[in-house]
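This is what each chain is made of:
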Amino acid sequence: MTALALTRRRLLASSVAAGALPLLGSLPSWAQSPAVDLRVEKREIEIKGRSASVLGVRQSSGISGLTLDPGMPFRVDLQNALAVPTIIHWHGQTPPPDQDGVPEFNVPALLPGEIRSYDFPARFGTHWMHSHEGLQEQSLLAGPLIVRTKEDISADEQEVVVLFQDFSFSSPEELLASLTGGVMGGHDHSSMSHGSSGSMAGHDMSSMQSMAGMDHGAKPDLNDIDYDAYLANDRTLEDPEVVRTERGGRVRLRLINGSAGTAYWIDLGGTEATAIAVDGDPVEPIAGTRFPLAIAQRLDLRLTVPAGAMVPVLAQREGDTARTGILLAAPDASIVRIDGNAASEAPPADLSLERRLKTTMPLATRPVDNALTMTLTGTMTPYAWTIDGRNWGDHIPLRVKKGQRVGIKIVNKTMMAHPMHLHGHHFQIAALDGVPLAGALRDTILVMPEATVDLIFDADNPGRWLFHCHNLMHMATGMMTEVAYDPS
């Protein structure tokens, strides 16, 4: 997969060819054109000099994922070209529940060779698509999902999309067996879907305490897995993608953390950028040179590459020196190699940015009708992560009614941070550790160890919706519940 680097001229040309482009309103006549074909398939890439068999979701042209112009609906025919079942979740979109792309709620996975059609209004912003079947996401079964606005089209800037992922030559079954002893909820893991994952990150499972019982002064655990490589658009810093910028050097970075188990610090090598959106939703601009990016979150940055300069776009793993990235380079700039390991470890990902973020599209002011609490629980020994002390299947749904303003307090009782993702909705951050704020709109929020997050949303999409930790191994061992609408 190559970075999406599109010029304003090319964007305008595509919009002219498409005709009038309303902003996610009534659909023009060209919206009845045939659906885009997406294919879930195996593919081969080279990582650190070795061939790797991974998965992907691509168009017939070979382009990974999907980009839609303003007003275009999400109209896709998804084909499963694998030998095993699969299903794709449209992360960040708010479709009807039967098109959300999860097999939990009477929507079966796609069988080998099956084609399924999707058709719903697209939500603008930087989003992504990934498997929600077993552990396939760890096999790099993911891709960008970009929906542009009129303002994006008219902006005089170059778009560059970067998908960060973690990778191992090992299988997820081997990893889960090493973490859990081969048993999860009384079931053997050998039947789970294919993927890739790495080794345990130095944990001595025989001696580790239950995190729920650790002292408040204990050091949080950051990484369960040591991966073989960290990728930016399928490549490491040994052979990074180089994107040549246009005259003027104005760039919009659309950064997606598609990793299964890794949070990053985005480091621009000292170049200042402005954060303009998170999880696809615009925010008041915030300038900086380093930004935290949790699992499943997205971050849009605007920056200028000076004439003759090279600007690295690096993602360094929290608590580690390992990093990946791409290089932005002015037309005549020399390319300087960047080491795959930084000189020092990155700190844990934190909420330093989150506390400063303010959405430009706040929810209307109104009282909360339905106040709920979710407690994140679990242990390292045995390796099992839960919500309210319950596994998926034994969970108690968070019940809401259409039209309610819903407030959910997430209380993390563990010594790990958890990126919590709600399907089918975007929510506003209302408080961090009890401190009120009118924060960002998001679909994924990082809940720090022994901390709380308050979020609010309007119950406007009836159905049953997953609410889970997006650390894949945490979700696989039970950290998942649902928001369920009561019949009206």
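Since we're looking at a predicted model, the values are computed, not measured.

Chemist: So what's going on with the pattern of salt bridges? Residues and values would help.
Modeler: One pass over the full model with this rule turns up 30 salt bridges. A salt bridge links R254 to D152, with the nearest nitrogen and oxygen atoms 3.1 Å apart. Residue R254 is located in strand β16 (residues 250–257), and its partner D152 is located in helix α2 (residues 150–154); the two are separated by 102 residues in the primary sequence. Under the relative-accessibility criterion, D152 is labelled buried at 9%. A salt bridge links D394 to R390, with the shortest nitrogen-to-oxygen separation between them at 3.2 Å. Here D394 falls in the partly exposed class, since its relative accessible area comes to 45%. Linked through salt bridges whose partners overlap, the residues forming this network are D69, R148, D152, E159, R252, R254 and D300.

Chemist: Provide a residue-level description of unusual backbone geometry, including the pertinent values.
Modeler: Omega for the bond connecting T381 with P382 falls within 30 degrees of zero, at 0°, which places this linkage in the cis form. With respect to the helices and strands, the residue P382 is situated in the loop between β24 (370–379) and β25 (384–387). One non-glycine residue, A296, lies in the positive phi region at around 80°. Relative to the helices and strands, A296 resides in the loop between β20 (290–293) and β21 (298–304). With relative accessibility at 0%, the residue A296 sits in the buried group.

Chemist: Can you break down the packing of aromatic side chains residue by residue, with the values?
Modeler: Summed over all chains, the structure comprises eight aromatic pairs. Ring plane angle 55° and centroid distance 4.7 Å describe the contact between F74 and W90, whose orientation is recorded as tilted. Taken together, the residues F74 in strand β4 (residues 74–80) and W90 in strand β5 (residues 88–91) connect sequence positions 16 residues apart. Like F74, the residue W90 is buried in the burial classification. Both rings, one in F164 and one in Y264, keep their centres 5.9 Å apart while their planes meet at 45°; by these two values the pair is tilted. Placement of F164 in strand β9 (residues 158–167) and of Y264 in strand β17 (residues 264–267) is noted, with a sequence separation of 100 residues between them. Accessibility classification places F164 together with Y264 in one group, the buried group. The cationic tip of R50 hangs over the ring face of F169; the distance from NZ or CZ to the ring centre is 3.6 Å. Above the ring of W265, the side-chain terminus of R290 is found at 4.6 Å from the ring centroid.

Chemist: Could you give an account of the pairing of strand β34 (residues 464–469), with specific residues and numbers?
Modeler: Within β34, five of the six residues are buried, which leaves the element mostly enclosed by the surrounding structure. As paired strands, strand β28 (residues 418–422) and β34 are joined by three bridges and run antiparallel to one another. In the strand pairing of β34, L422 is matched with F467. Pairing of β34 with strand β35 (residues 480–485) involves five bridges; the strand directions are antiparallel. By the bridge assignment, W465 is partnered in β35 with V483.

Definitions and cut-offs
- Residues numbered from 1 in each chain as written.
- Predicted model: local features only at pLDDT ≥ 70, side-chain atom pairs only at ≥ 80, totals over all residues.
- Heavy atoms only, no water.
- Salt bridge = Lys/Arg side-chain N within 4 Å of Asp/Glu carboxyl O.
- Helix = DSSP H or I, 4+ residues; strand = E, 2+ residues; numbered from the N terminus.
- Buried < 20%, exposed > 50% of the residue type's maximum accessible area, 1.4 Å probe, protein only.
- Phe/Tyr/Trp six-rings, centres within 6.5 Å; stacked < 30°, edge-to-face > 60°.
- Lys NZ or Arg CZ within 6 Å of the ring centre and 35° of its normal.
- Pairing = 2+ DSSP bridges.

Coordinates in, geometry out; function isn't part of it.
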